[in-house]
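Here are the chains, one letter per residue:
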Amino acid sequence: MTFRLSLPALSKFALCLHKQRRYFSPVIGKVAHIVDMKLDSIEDIRILSVLMISISDVISQSFRDRLLHKAEQLLEEKDEVHFNYARRILQFLQTFKLRYHPLVEKCNKIFLKSASCLDIHNISLIFGLYEQLGFDNAEFRLVAKQLLSETIDDYHDPETFAKLFFTLGPMAGSKVRERLLVTAVHMAEEFSSHQVLVILKTMQKMKCRNSHLLKKMASVLHKHLDSYHVLQLVKLTQDLVVLRCHNLELFAKLKILLFGFLKSNVIPAETAAIIRVLAMLPSFQVEEIIINKAAAVLPQCRLHHLNCIATALVKWNHYDQLHWQNSSETCVKLLQKLNDYGFQRLQKTDNLNLLLEELTYVNGEWFEEVLNEETMAVCQRLIDQITWANVLQLSLFLIKTNHRCPSLLDRIASVTVENIDKIHPFEIYFILFLFSALNYDPPANEKFFESCIQHLTSNLSCFETHHLVLLGHVLAVAGYFPPVLIKGIFNVSFLSKLDAQLEVLPDNLKQRVRSRLMKLNRAVCLECPEFHIPWFHEHYCQRVFCNSSSRRNPLRQHVHRMLTEILGGSNYARISVLTPYYYEIDFECILDENKKPLSYMAQNIPLDGVEGIHLRRDIKDEWRKALPPGAQRIALEFLHSKAFSKNSRHLKGETAVKKRHLEMLGYRVVQIPHFEWNSMVLSTKGEQLEYLRNHLYGIQ
């Protein structure tokens, strides 16, 4: 019968089957077969979107890609598309956990055009889909915030209020935020089990420490605990720990429930998640059942699951050693076994795409210390499998691990240049971030950067306002300042739009964008004076340094005493100095043309007090005072491990830029790497004094 149905009737029939949850029915398979044969003739995006959702569980990867291509084509051709059709396409992408930027952007434009038609249910659903797809759009956030703020008093029932709290809470101003929290407290008893999860998850995103609401939610949770499935319990426990809940009775009940699931569970992913979250519980000690269950699932675990179990075992081992427990030896033995399975899994890997998929969720000390080197070796073994389709995932992994592997970086650069038109501009940003952050120049460095920059500047409309700032900073670190990008950022209308969008971004992203804008402003002022861009971050920098904690530490004080000894007195060296454009340097001194130290008091330059950096209003005035002919400022910087990539002694981009800029400001920069200062060669005070003396006076 399905063969005789018209396409509109077929889509309605498929939707009925989907609503009846007959996702894997043989009839759905027949529908998918018909769609496969008639795909080229489908011209209605409504029909296509319904069919995509209905058959998503029974199609191959190649068929999936054809459907996405068709959807993209139809969205391109149609001027007016109902937002529900775009929503279904996002749900289709979410089913496959597929982050396909071009299609999501097209859907986002449809939502923006249809903003006046969206209600709280649609807005919260779209935000949830964006979150799962790793997509965010400040313009849509702004529109949603305005719509919801105007109707905030209309949501009186628990269902719509929970959706309002989830959507508006993370981007609300202080007054609206307080109203939401007060209402949540009053409505707490009415929330369903799912709504409680939504509120707690959102509180974590808001970094909300409202003790009254947290206590209320914890008391309400007791009546819902038995209704949660295992992964909901895991997430719930994690949220409560992060929110610093102190309800020990609740944690005790959670422990019992999690143990019950652990005993009966046979799915490695769920077992690993339970073990990881049990280790997060306050004062929890490892028990035999956990060790036995972990050992049983190890052979079936993916790298991410091994990482979860290892993180828990390391924590328990540390706790046992501190408290003289006798289970420490058991943890160590299981960790060794776990390490072996990790190595075996890597060594058997012959598909780079599958490896990168596993590595997406892997992080932490265990992986870095145990498997990082072996993973790099496997990636190099599979280097011929690097293509334009997986170059982004590999770049993100190298960024995360801070690993400088020349052969992989060279391959990424060559694949990117050869396939530049196939790679989305936003993906190019992350590839450039990798090379900029690691301060790495591939063999055809100029061609690589020029190809990327040309592709980016031709597609700047793909970027949101704050993304352009991040892109500008990445290029500046690498020493590139495309005029169209720099002039586009540093104009009043752009900066006004940026200010508006920053208000709805998450706090950590907001702070990062503001910091990068300051650094880009500094770089342009120092390296591109021909652009005539003013320095407008004076007050921002003063506020940042006022709010920061004291930068004094024992190492700095120790070295300062040594410098005082070498130079002949405390008035010859300054500690924690701010330069123009607000670079902080560890130590500063001035040597005359004969390399003799000059006293700051003789130059009428104030020395800082003992409590750390003093914000001086006269930084620039102080610098305008001419030094004696031939004299030079010396900046002495200690370089800790963060200044270098994981496996090399090569400076990372930010540290190299700082050196470059300090030299532009007239300094001779002396950098003391941690691996030299902490080496056995400099194990005595006398050797350290000689080392500092030689570097200060330029003696090789």
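Going by the structure above, here's the rest.
Owing to the predicted nature of the structure, the values given are computational and were not obtained by experimental measurement.

Q: What should I look at first to understand the overall build of the protein chain in this one?
A: Each helix and strand counted, the protein chain has 34 helices and four strands in total. Relative to a compact globule of 700 residues, whose C-alpha radius of gyration would be 27 Å, the protein chain shows 29 Å and is just as compact. C-alpha extents for the protein chain along the principal axes are approximately 100 × 65 × 55 Å. Burial analysis of the protein chain (700 residues in total) assigns 51% to the buried set. Looking at the protein chain alone, contacts between residues at least 24 apart form 73% of all its contacts between residues at least 6 apart.

Q: Any chance you could explain empty space enclosed by the protein here in plain terms?
A: Empty pockets left among the atoms are what a rolling probe the size of a water molecule brings to light. Taken as a whole, this structure holds two cavities of 30 Å³ or more when the rule is applied. Every residue lining the largest cavity is listed: His473, Ala476, Val477, Lys519, Arg522, Ala523, Tyr583, Glu654, Val657 and His661. Those elements that provide at least two residues to the lining of the largest cavity are helix 25 (465-477), helix 28 (507-527) and helix 32 (653-664). Grouping the amino acids of the lining of the largest cavity by side-chain chemistry returns five nonpolar, two polar and three charged. Of the volumes computed, that of the second largest cavity is approximately 40 Å³. In terms of lining, the second largest cavity is formed by Glu637, Leu639, Thr655, Lys658, Lys659, Leu662, Val669 and Gln671. Elements that contribute at least two residues to the lining of the second largest cavity include exactly strand 3 (632-639), helix 32 and strand 4 (667-673).

Q: Sorry, what's going on with the sheet that holds strand 2 (residues 584-591) here?
A: In any sheet, the strands associate via hydrogen bonds between backbone groups, in a parallel or an antiparallel arrangement. Read from one edge to the other, the open sheet built from four strands follows the order 1-2-3-4, with strand pairing classed as mixed. Edge positions in the sheet fall to strand 1 (573-578) and strand 4, since each has one partner strand and no second. When strand polarity is set aside, the average angle formed by the axes of neighbouring strands in this sheet is 35°. Across five bridges, strand 1 lies against strand 2 in antiparallel orientation. By the bridge assignment for strand 2, Arg574 is matched with Glu588. Seen against the sheet, helix 34 (residues 685-696) touches strand 2, strand 3 and strand 4 and runs at an angle of roughly 150° to strand 4.

Q: Mind showing me how you'd approach the pairing of strand 1 here?
A: Each regular strand displays side chains that alternate between the two surfaces of the sheet. Across the six residues that make up strand 1, a large majority, six, are buried. As consecutive antiparallel partners, strand 1 and strand 2 are separated by five residues, and within that stretch Tyr581 has a phi angle of approximately 65°, a positive value.

Q: So what exactly am I meant to see when it comes to the side chain of His473 here?
A: Structurally, His473 is set in helix 25. Given a relative accessible area of 7%, His473 falls into the buried group. Not counting the four nearest positions on each side in its chain, His473 is found in contact with Arg516, Lys519, Leu520 and Glu654.

Q: Help me understand the packing of helix 19 (residues 352-359) against helix 21 (residues 391-401), please; the structure alone is not making it clear to me.
A: Helix-helix packing is characterised by the crossing angle of the two axes and by the distance between the axes. Between helix 19 and helix 21, whose axes approach to 10 Å, the crossing angle comes to 45°. Put simply, helix 19 runs oblique to helix 21. Between helix 19 and helix 21 lies a crossing whose hand is left-handed. Taking contact as the criterion, the partners of Leu356, Glu357 and Leu359 in helix 19 are, on helix 21, Gln393, Leu394, Phe397 and Lys400. For the contact of helix 19 with helix 21, the residue count by class is four nonpolar, one polar and two charged.

Analysis parameters
Residues numbered from 1 in each chain as written. Predicted model: local features only at pLDDT ≥ 70, side-chain atom pairs only at ≥ 80, totals over all residues. Heavy atoms only, no water. Helix = DSSP H or I, 4+ residues; strand = E, 2+ residues; numbered from the N terminus. Rg over C-alpha atoms; globule rule 2.2 N^0.38 Å. Buried < 20%, exposed > 50% of the residue type's maximum accessible area, 1.4 Å probe, protein only. Contact = heavy atoms within 4.5 Å. 1 Å grid on protein atoms, 1.4 Å probe; cavity = no way out; pocket = protein on both sides within 12 Å on 5 of 7 lines; lining within 4 Å. Points joined across faces, edges and corners; volume = space filled by probe spheres on them. Nonpolar A, V, L, I, M, F, W, Y, C, P; charged D, E, K, R; others polar. Pairing = 2+ DSSP bridges. Axes fitted to C-alpha atoms, helices over the stretch in contact; angles between N-to-C directions. Parallel < 35°, antiparallel > 145°, perpendicular 65-115°, else oblique. Left-handed = near helix turned anticlockwise from the far one by under 90°.

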